[in-house]
Every structure is written in structure tokens, then in C-alpha cells.
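Architecture and fold: a report
Chain by chain, the residues:
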Amino acid sequence: MRTDDLILKCQEAFREKELDLFLGFERSSSGFLKPAVFTSLESLEKISWDPSASLNLATFIPRFKGKKVGIIAPGCVSRSLVILINEGQVSRDRLTVVGVPCQGLIERKKLGDLKGVRFLDSQNGKFTLQRGGQIVELPLEDYLSESCLDCDHSGPVLYDYLIEGSSRKNPSGNLEKRVKALVELSPGKRLLYFKKEAEKCIRCYACRQACPMCYCESCFVESSEPRWLTAVPEVADNLIWLLTRVYHLAGRCVQCGSCARACPEGVDLMSLLAWANQSVSELFQYQPGLEIGEKPALGEYRLEDPDFFWGGGLTEGKKCCS
Ligand code: SF4
Ligand code: SF4
Ligand code: SF4
């Protein structure tokens, strides 16, 4: 994908749809892309998209209620937008989507110490960095985020304008294997695994801030009446935090990996999220963010829904509270 094509397409969208602002990325001083808000045709000359981006831009959408917003969207961002539309966080007619092809995003933690490192370019499955005065060329596949390696919807599912180009194919299936291994552990060993992950968490909430589906204005962790968690990041409360967030995201998470990339402690968020999503998918044959108008799997009730409490589907004569 050529940056010139992206600029022209975003400017076309901005002009034709009479947008108030456009959400995209621009180059930071280290060469890695950073999120940016563009408010004019001229400013859009700086818009860019490549594997050095990190955040899911849909995260910023609820902040611009009432505005006409444009946004560039690879597969996972477009799926987040579908969910935000379905959940009433943005109206479709105020949103203009420029779909972009996606080869996956770099997990910066895999690059080690980033002091003095400059991102230069990415093409043909490789990217180049400047490190200690040297130019280094690296294979993209070895440095991709886990979520991108596993991505099965890299092309946009919702768009008004489209930039042609090839998107990532052949998901690794690694997350599914990890979840299967966790499910096969004894409950005690599984708890031990998640306790070890919870021990790493410092409750900085960067994962929540980076997630487009965590848009509540008031989060349960900050509630003082009742107080659900202490302010100190100790393991029992960390587990409550991590598991509650995962429950809130079950069947809503698009597995973009934005939260995992934002986590400074490398907590294994993707296993938990993939596990919750797989459970919803198996129980309700549902994948989030694929269709406008669809209700979230855990937000509606069907008679044929599985009902383990009664040992099978809901049968005549059995009521939930009798
Ligand atoms: S999860 Fe998929 S669509 Fe999203 S950035 Fe990664 S490869 Fe692209
Ligand atoms: S999981 Fe990571 S990002 Fe989230 S609160 Fe814990 S340390 Fe912060
Ligand atoms: S929970 Fe993480 S992976 Fe899922 S949608 Fe939110 S940021 Fe993306």
C-alpha cells in the first residue's frame, strides 16, 4: 500500500463527507506511528499506516460523540466499529471508514531496548530500523504481535472507501492451542497459571485505556460505593480485575491485541480473552463485530440457548427460578 494513495483517499473522504475530524496515525520522532487527530485536508498529508502502529484507533471514537468522524481501519478496527455501532456508541451515518489492508503490527516488546531505535520503513514482509548507527532489516513475521499472528479477519469488514492491497493470511492457530492446553490443565494448575499472571499485574489499567470495548465512563475498579478492589495491586484483587474485565469482554473482544501491546508487564491477556471468546463462540455460534444490527451474544436470550444449570436446553415446565 502506498502512503500517497492513503493520503489521497483520506482527503477525498474528508472532503466528500464534510468530516469534522479524521482519526489516523502519523510518524513520531522515533519513526514509529502514533495516533493522531487530523482536522484539515492539509494536515492529512501527514497520515500514514504501517506495521509500526500499535493502538486500536476505534478506542477514541466514543470521545467524539456528535462529530462527523473519519477513521482508517484494518480488519480488527472495523470489527470494533461494528460493535460500537451495535452498542449505540456511534451512529453509522456520522462515521466514515477508510478500510486499509493489514500485514499485522509489530510487538515492540520483541525489539528489546528501544532507546535510540528508529523505525524507518516496512515493505515486502520486512521492516528496517536504525539501531546504534546501523541499519537493520528484520523479517516482519518474527516480530508480529501474537494477536496479529493469529488474526483471521485482517481485511476490513466495514468501509466506505477502500485502499486496495493484500492483507495477512494463514492465522497461526497458536492462541487456540494455548487455550486448549489451559483447558486441559487440572483446575488447581490452571489457577496457579492465572495467579502467576495476576502477580505480574501492577493495575496501571493501560489495557483498559487501549481497548475500544472498555468505554464505560465509570469503571467498577474506581467505584468507592461499593468498593470492589483495594488500591494496592495484590494478587487476589488483581485476579478479580483481570477476570471481571474478561467477563465484560466475552463475545465482544475482537482480539486486536491493543491491550496486550499496551501492558507494560507482559501479562498473558490474550489467552484469557481468547478463552472467553472461544467459549462464547462454541456456546452461541457467535463471532463479534461481523454484522451491523447484530446483538452481542451475551446481550440477548434465545430459548434454544444452552442451559447447563438444568443439565441441557431449557425444557418445558422448568423455569429459571422455580
Ligand atoms: S489483529 Fe489482524 S487486522 Fe488487527 S492489526 Fe493485527 S493483523 Fe491487522
Ligand atoms: S494487565 Fe497489564 S496493562 Fe492491565 S492493569 Fe495489569 S499491568 Fe496494567
Ligand atoms: S480486550 Fe484487548 S484484544 Fe480485545 S478488543 Fe479490547 S484491546 Fe482488543
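Below, the structure is looked at part by part. Since the structure is predicted, the reported quantities are computational estimates derived from the model, not experimental observations.

1. Focus: the pairing of strand 7 (residues 134-139)
Strand 7 sits mainly on the outside: 0 of its 6 residues count as buried. Linking strand 6 (residues 126-131) back to strand 7 in an antiparallel pair, the connection comprises 2 residues, with glycine 132 at a positive phi of about 55°.

2. Brief notes about the sheet that holds strand 3 (residues 69-73)
Spatially, the 5 strands line up as an open sheet ordered 2-1-3-4-8, and their pairing is mixed. Edge positions in the sheet fall to strand 2 (33-38) and strand 8 (161-162), since each has one partner strand and no second. As defined by bridge partners, strand 1 (residues 21-27) adjoins strand 3 across 3 bridges and the pair is classed as parallel. By the bridge assignment for strand 3, leucine 21 is matched with valine 69. Sheet contacts for helix 2 (residues 75-86): strand 3 and strand 4 (95-99); angle to strand 4, the most-contacted strand, approximately 160°.

3. A word on the site of ligand 3
Lining the immediate environment of ligand 3, one finds 14 residues, of which Cys211, Cys253, Cys256, Ser258 and Cys259 sit closest. Considered class by class, the residues forming the shell around ligand 3 number 10 nonpolar, 4 polar and no charged.

4. A short note on the site of ligand 2
By nearness alone, every residue bordering ligand 2 is listed as Cys201, Ile202, Arg203, Cys204, Tyr205, Ala206, Cys207, Ala262, Cys263, Glu265, Val267 and Leu269. When grouped by side-chain class, the residues that make up the shell around ligand 2 number 10 nonpolar, no polar and 2 charged.

5. Brief notes about the sheet that holds strand 7
Read across the open sheet, the 3 strands follow the order 5-6-7; overall the sheet is antiparallel. Looking at which strands have only one partner, the edges of the open sheet turn out to be strand 5 (118-123) and strand 7. Sheet twist, expressed as the average angle between the axes of neighbouring strands with direction ignored, equals 25°. The pairing of strand 6 with strand 7 spans 6 bridges and is antiparallel. Across the sheet, residue glutamine 130 finds its bridge partner in strand 7, namely isoleucine 135.

6. Some details on the nonpolar core
Membership of the largest hydrophobic core comes to 72 residues, with the highest contact counts inside it found for Cys10, Ile72, Ala73, Leu81, Leu269 and Leu273. For this core, the leading source of residues is helix 10 (residues 269-284), giving 7 residues.

7. Regarding the packing of helix 6 (residues 187-200) against helix 8 (residues 235-249)
It is at 8 Å that the axes of helix 6 and helix 8 come closest, and there the two elements cross at 100°. Regarding the angle of helix 6 to helix 8, the classification is roughly perpendicular. Contacts between helix 6 and helix 8 involve Phe194, Lys195, Ala198 and Glu199 from the first element and Val235, Asn238, Leu239 and Leu242 from the second. Each residue belonging to the contact of helix 6 with helix 8 can be placed in one class, and the counts come to 5 nonpolar, 1 polar and 2 charged.

8. A look at unusual backbone geometry
At asparagine 124, a position not held by glycine, the phi torsion is positive, near 50°. Residue position: asparagine 124 is located in the loop between strand 5 and strand 6. Although it is not a glycine, tyrosine 205 sits at a positive phi angle of roughly 65°. One can find tyrosine 205 in the loop between helix 6 and helix 7 (206-209).

Thresholds applied
- Residues numbered from 1 in each chain as written.
- Chains lettered and ligands numbered in written order.
- Predicted model: local features only at pLDDT ≥ 70, side-chain atom pairs only at ≥ 80, totals over all residues.
- Buried ≥ 20, exposed ≤ 12 C-beta atoms within 10 Å, placed from the backbone.
- Helix = DSSP H or I, 4+ residues; strand = E, 2+ residues; numbered from the N terminus.
- Pairing = 2+ DSSP bridges.
- Contact = placed C-beta atoms within 7 Å.
- Axes fitted to C-alpha atoms, helices over the stretch in contact; angles between N-to-C directions.
- Near = placed C-beta within 6 Å.
- Nonpolar A, V, L, I, M, F, W, Y, C, P; charged D, E, K, R; others polar.
- Core = buried A, V, L, I, M, F, W, Y, C linked by C-beta atoms within 7 Å.
- Parallel < 35°, antiparallel > 145°, perpendicular 65-115°, else oblique.

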